[in-house]
Amino acid sequence: MRQAVRIIRDEHRALAAVVHGLLYFARRAKEGVEPNFRLMWTMVRYVADFPQTFHHPKEETCLFDRLAGRTPEAETVLAELRRQHLDDFRLLADIKAALGDYEGGAANGAAKLVETVERFADLTWAHMHVEEAVLLPLAEAHLGDADWAEIDAAFGANGDPRFGADAADGFHQMFRTILEQAPAPIGLA
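Residues numbered from 1 in each chain as written. Predicted model: local features only at pLDDT ≥ 70, side-chain atom pairs only at ≥ 80, totals over all residues. Heavy atoms only, no water.

1. Structural notes on the overall build of the protein
Stated formally: Only DSSP runs of H or I covering at least 4 residues are called helices, and only runs of E covering at least 2 are called strands; the numbering of each starts at the N terminus. The globule rule used here is 2.2 Å times the number of residues to the 0.38 power, and the radius of gyration it is set against is calculated over C-alpha atoms. Think of it in three bands: with a 1.4 Å probe and only protein chains considered, a residue is buried below 20% of the maximum accessible area for its type, exposed above 50%, and partly exposed in between. Should any heavy atoms of two residues lie within 4.5 Å, those residues are considered in contact.
Of regular secondary structure, the protein possesses 6 helices and 0 strands. Helices and strands in the protein line up, N terminus first, as α-α-α-α-α-α. The globule rule puts the C-alpha radius of gyration for 189 residues at 16 Å, and the 18 Å found for the protein is close to it. The dimensions of the protein, computed from C-alpha atoms along their principal axes, are 55 × 30 × 25 Å. Across the 189 residues of the protein, 48% fall into the buried class. Look at the contacts in the protein between residues 6 or more apart in sequence, and 77% of them connect residues 24 or more apart.

Structure follows, in structure tokens:
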């Protein structure tokens, strides 16, 4: 498996785990279990910042742009994936508002939070599925070794100065914090 494909899949798994945890805690809140708001805000920050500042820009500039124009099959998929990247901003704003309302004691705050997180989770999981089941196979079929060498380098630890080790370390630490603070079955606490 190519290095970039492995990294994309690993980043998807980490993001999916945090989204799953956020959904779990939102649903528990709807059941009347008081959440750890600090942990939930950390989870929201992770699902907002990691994809938007680290993961999606690499996908778009390194993978999507290279695949664009190589095969007509990719054009519709790329357009939809780019649209979904933009939809993340709106949905994350909705999650932040819902979590803030719930924390502030708004009526039906937990129910609104669950509904909002469920919409985001559904989009996130569907998006990752399309990338892994459709986009990556198209890229493997239509990109050459030279393309992959550059994509692998960009997704590698020091391949792109905009996304260097410091940024990656910050997100790894945030993920580790979530795991350490979240109770079972989501985390290790």
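From this point, the narrative continues.
2. With respect to empty space enclosed by the protein
Selection criterion: Using a 1 Å grid laid over the protein atoms alone, points where a 1.4 Å probe fits but cannot get out form a cavity; open sets with protein on both sides within 12 Å along at least 5 of 7 lines form a pocket; any residue with an atom within 4 Å of a point counts as lining. Grid points are joined across faces, edges and corners, and a volume is the space filled by probe spheres set on the points. Lys, Arg, Asp and Glu make up the charged group, whereas Ala, Val, Leu, Ile, Met, Phe, Trp, Tyr, Cys and Pro make up the nonpolar group; the residues left over, Gly among them, are polar.
Enumeration over the complete set of coordinates arrives at 1 cavity of 30 Å³ or more. Estimates place the volume of the largest cavity at around 60 Å³. Every element with two or more residues in the lining of the largest cavity is listed here: α2 (37–67), α3 (72–103) and α4 (109–142). Take the lining of the largest cavity: its biggest share by element is 5 residues, from α4. Residues that form the lining of the largest cavity fall into these classes: 5 nonpolar, 5 polar and 1 charged.

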